[in-house]
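# Chains, contacts and geometry: an overview
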Amino acid sequence: MRYVQEFLTARKLDGLAPGTLEQYEMELRYLPPFLGKPTIEATKTDLRAYLAQYKDMAERTYMRKVSILKAFYTWTTYEANIPNPMQNIKVPKEPTSMIKYLEDKEFEKFRYVKRSLRNRAIIELLVSSGMRVSELVSVNIDDLDMENNEIKITGKGNKQRIVHFNTIAKDKLLEYLDTRKDKNPALFINKYGNRISIRAIEQQIKREAKLAGLRIEATPHTLRHTFATHLIQRGADIIFIAEEMGHESVSTTQKYAKLNLKARREMYKKFMAI
């Protein structure tokens, strides 16, 4: 694990967000048990076999796994002068499928699923702020400005920004924080008193989406998409949305401005149908 630890330390010094760093560490821990040998000794054949297990997963998940392994083995090539076994394994192209988000009625069904105070605060905060789940798990209580409904967060590239949250999220946060008797600085903790993980939130949302009977398998990113899409539909300025979401380029945000199929149908009926 020596090279893995050195790699993670290097990425941390490069300013990789804590949540992303956690994903790197988790992925690199899965590999040695499969290989039956140190990570550094993996061959191209080993890695193709490892990745083949995940071919049927969501494209973005599979793409992330390939990207993490490529980053690690590229680093070891320079640091340990070891041939890169990922060199000719291609990163899949990012999927161009339609953005998945919850319409108002769907979110209402999801909102009122029975859940703990902590989980309710997490859901309301994600959907009203649009922050990434990796950003959420890194938030400390001291980062909150309850008077102005603002949070100071650290996003990609260790860049800081301010995001906002609505009154419902504020109320749920106050209810949840009122139950906290510990001294952990983290905003959200697990049952063991440790900072909550990305994986725990992903599992929570997946389970609750199923309970709500949603048409899609929701993820934390679904709530981020929901935040952006609803703002677009209500006429919010694209630059404002880009800044709230931490997009480096407005072109990234513009994908939300494309009308969804249902909206296009309604607009056609209104202006063109005879």
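Whatever comes next refers back to the structure up there.
Below you will find a few notes about this structure. What you see is a predicted model; the values in this text were computed from it and never measured.

## Quick look at the pattern of salt bridges
Per the counting criterion, the structure on display carries 15 salt bridges. Put simply, Arg 234 and Asp 104 hold a salt bridge, and the shortest N to O gap is 3.2 Å. Within this pair, whereas Arg 234 is found in the loop between helix 10 (220-233) and helix 11 (238-245), its partner Asp 104 is found in helix 5 (residues 104-111), the two being separated by 130 residues in sequence. Overall, the relative accessible area of 61% leaves Arg 234 in the exposed class. With a relative accessible area of 43%, Asp 104 lands in the partly exposed category. For Lys 159, the salt bridge identified is with Glu 248, shortest N-O distance 3.2 Å. Of this pair, Lys 159 sits in the loop between strand 2 (150-154) and strand 3 (160-164) while Glu 248 is found in the loop between helix 11 and helix 12 (250-253), placing the two residues 89 residues apart along the sequence. Taking relative accessible area as the criterion, Glu 248 reaches 69% and is therefore assigned exposed. Members of the salt-bridge network, linked through shared partners, are Glu 108, Arg 111 and Glu 124.

## Let's talk about the sheet that holds strand 1 (residues 144-145)
Strand order in the open sheet made by the three strands is 1-2-3, with antiparallel pairing throughout. Either end of the sheet is taken by a strand with one partner, and the two such strands are strand 1 and strand 3. Pairing of strand 1 with strand 2, which is carried by two bridges, proceeds in the antiparallel orientation. From the neighbouring strand, Leu 144 faces strand 2, where its bridge partner is Ile 151.

## Thoughts on the pairing of strand 2
With burial as the criterion, only one face of strand 2 is covered, namely that bearing Ile 151 and Ile 153; the residues Glu 150, Lys 152 and Thr 154 on the opposite face remain uncovered. In this structure, the hairpin formed by strand 1 and strand 2 is closed by a connection of four residues, where Asn 149 is found at a positive phi of approximately 55 degrees. Linking two consecutive strands that pair antiparallel, namely strand 2 and strand 3, is a turn of five residues; a positive phi of about 70 degrees is found at Gly 157 within it.

## Things to note about the pairing of strand 3
The alternating pattern of strand 3 places Arg 161 and Val 163 on a buried face, while none of Gln 160, Ile 162 and His 164, on the opposite face, is buried. Here strand 2 pairs with strand 3 via five bridges, running antiparallel. When the sheet's bridge partners are listed, Ile 153 is paired in strand 3 with Arg 161.

## A look at the environment of Leu 47
Mapped onto the secondary structure, Leu 47 falls in helix 3 (residues 44-52). For Leu 47, a relative accessible area of 0% corresponds to the buried category. Sequence separation between Leu 47 and Leu 69 is 22 residues; the distance between their C-alpha atoms is 8.7 Å. Those residues within four positions of Leu 47 in sequence are excluded, and the remaining contacts are Leu 31, Ala 42, Leu 69, Tyr 73, Pro 85, Met 86 and Ile 89.

## Concerning unusual backbone geometry
Positive phi values are uncommon outside glycine, yet Asn 149 reaches one of about 55 degrees. Within the secondary structure, Asn 149 is located in the loop between strand 1 and strand 2.

## Things to note about the environment of Arg 207
Looking at where Arg 207 falls in the secondary structure, it is placed in helix 9 (residues 198-212). Sequence-wise, Arg 207 and Ala 218 are 11 residues apart; in three dimensions their C-alpha atoms are separated by 8.9 Å.

Conventions adopted
- Residues numbered from 1 in each chain as written.
- Predicted model: local features only at pLDDT ≥ 70, side-chain atom pairs only at ≥ 80, totals over all residues.
- Heavy atoms only, no water.
- Salt bridge = Lys/Arg side-chain N within 4 Å of Asp/Glu carboxyl O.
- Helix = DSSP H or I, 4+ residues; strand = E, 2+ residues; numbered from the N terminus.
- Buried < 20%, exposed > 50% of the residue type's maximum accessible area, 1.4 Å probe, protein only.
- Pairing = 2+ DSSP bridges.
- Contact = heavy atoms within 4.5 Å.

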